[in-house]
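# Coordinate inspection notes
Chain residues, written in single-letter form:
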Amino acid sequence: RWFGSVTAVYTETSLGSDFDSSVEAVAVQPRIGLVRGPWQYWVGGMYLDAEEKHSGTIDLPFLGPVPFDVELREKDQWNFAVGARHEFSKKFDATLEVGFGDRDSTLLYVGYRF
């Protein structure tokens with residue numbers, strides 16, 4: 001049988017200390033796959049829209065205080081993913097997902113329910 005899923009996460013943080021830092025990110029992971037007995041196989045992708053801002057001053061030896069102000073964004077917001085999950089029993093399962101494209105990722109999950 002076929003299945004589909006979408007996972008979405010929104011994160012926002014503001015950190016203050018020696019530096020002022022803030023991060024805002026949206027991640028969406030659509031997947032479509034096939035269930036065959038205890039196995040699930042899928043293809044999908046990940047959309048990541050993140051914006052980081054960092055500013056402050058670093059005191060460097062021989063140079064003194066050096067101010068900085070940086071904004072970071074991802075170059076490409078989409079990458080592809082393939083994955084598989086196996087249910088060994090009602091209590092024990094394992095998942096492996098690999099993302100590729102301009103942004104690589106690997107997810108390995110082993111779960112035990114008691």
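Residues numbered from 1 in each chain as written. Predicted model: local features only at pLDDT ≥ 70, side-chain atom pairs only at ≥ 80, totals over all residues. Heavy atoms only, no water.

### Re the overall build of the protein chain
For the protein chain, the count of helices and strands is zero helices and seven strands. For the protein chain, the α and β elements follow one another from N to C terminus as β-β-β-β-β-β-β. By its C-alpha atoms, the protein chain is 65 × 35 × 25 Å across when sized along the principal axes. Per element, the accessible surface of the protein chain, about 8,400 Å² overall, is 61% carbon and sulfur. Seen as two clouds, the 11 positive and the 17 negative side-chain charges of the protein chain have centres 19 Å apart. (Helix = DSSP H or I, 4+ residues; strand = E, 2+ residues; numbered from the N terminus. Areas by Shrake-Rupley, 256 points an atom, 1.4 Å probe, with all protein chains shown as cover. Lys, Arg positive; Asp, Glu negative; His and termini not counted. Charge placed at Lys NZ, Arg CZ, Asp CG, Glu CD.)

### Focus on the side chain of glutamate 74
Among the secondary structure elements, glutamate 74 is positioned in the loop between β4 (64–73) and β5 (78–87). At 4.3 Å, arginine 73 is the nearest oppositely charged side chain to glutamate 74, a buried residue that forms no salt bridge. A polar side-chain atom of glutamate 74 sits 2.9 Å from the main-chain amide nitrogen of alanine 50. In terms of polar contacts, glutamate 74 uses its side chain to reach the side chain of glutamine 77, at 3.5 Å. In contact with glutamate 74, other than residues within four places in its own chain, are Leu48, Asp49 and Ala50. (Buried < 20%, exposed > 50% of the residue type's maximum accessible area, 1.4 Å probe, protein only. Salt bridge = Lys/Arg side-chain N within 4 Å of Asp/Glu carboxyl O. Polar contact = N/O pair within 3.5 Å; in protein donor to acceptor, adjacent residues only side chain to side chain. Contact = heavy atoms within 4.5 Å.)

### Notes on the pattern of salt bridges
Throughout the structure, instances matching the rule amount to seven salt bridges. Residues arginine 31 and glutamate 97 are paired through a salt bridge, measuring 2.9 Å at the closest nitrogen-oxygen approach. Taken as a pair, arginine 31 in strand β2 (residues 19–36) and glutamate 97 in strand β6 (residues 92–100) lie far apart in primary sequence, 66 residues in all. Accessibility expressed as a relative area gives 9% for glutamate 97, which makes it buried. With a shortest N-O distance of 2.7 Å, arginine 73 and aspartate 49 are connected by a salt bridge. Residue arginine 73 is located in strand β4, and its partner aspartate 49 is located in strand β3 (residues 39–60); the two are separated by 24 residues in the primary sequence. A relative accessible area of 47% means that arginine 73 is categorised as partly exposed. Under the relative-accessibility criterion, aspartate 49 is labelled partly exposed at 24%. When salt bridges that share partners are traced, they join Asp49, Glu51, Lys53 and Arg73 into one network.

No statement about biological role is implied by the geometric values presented.
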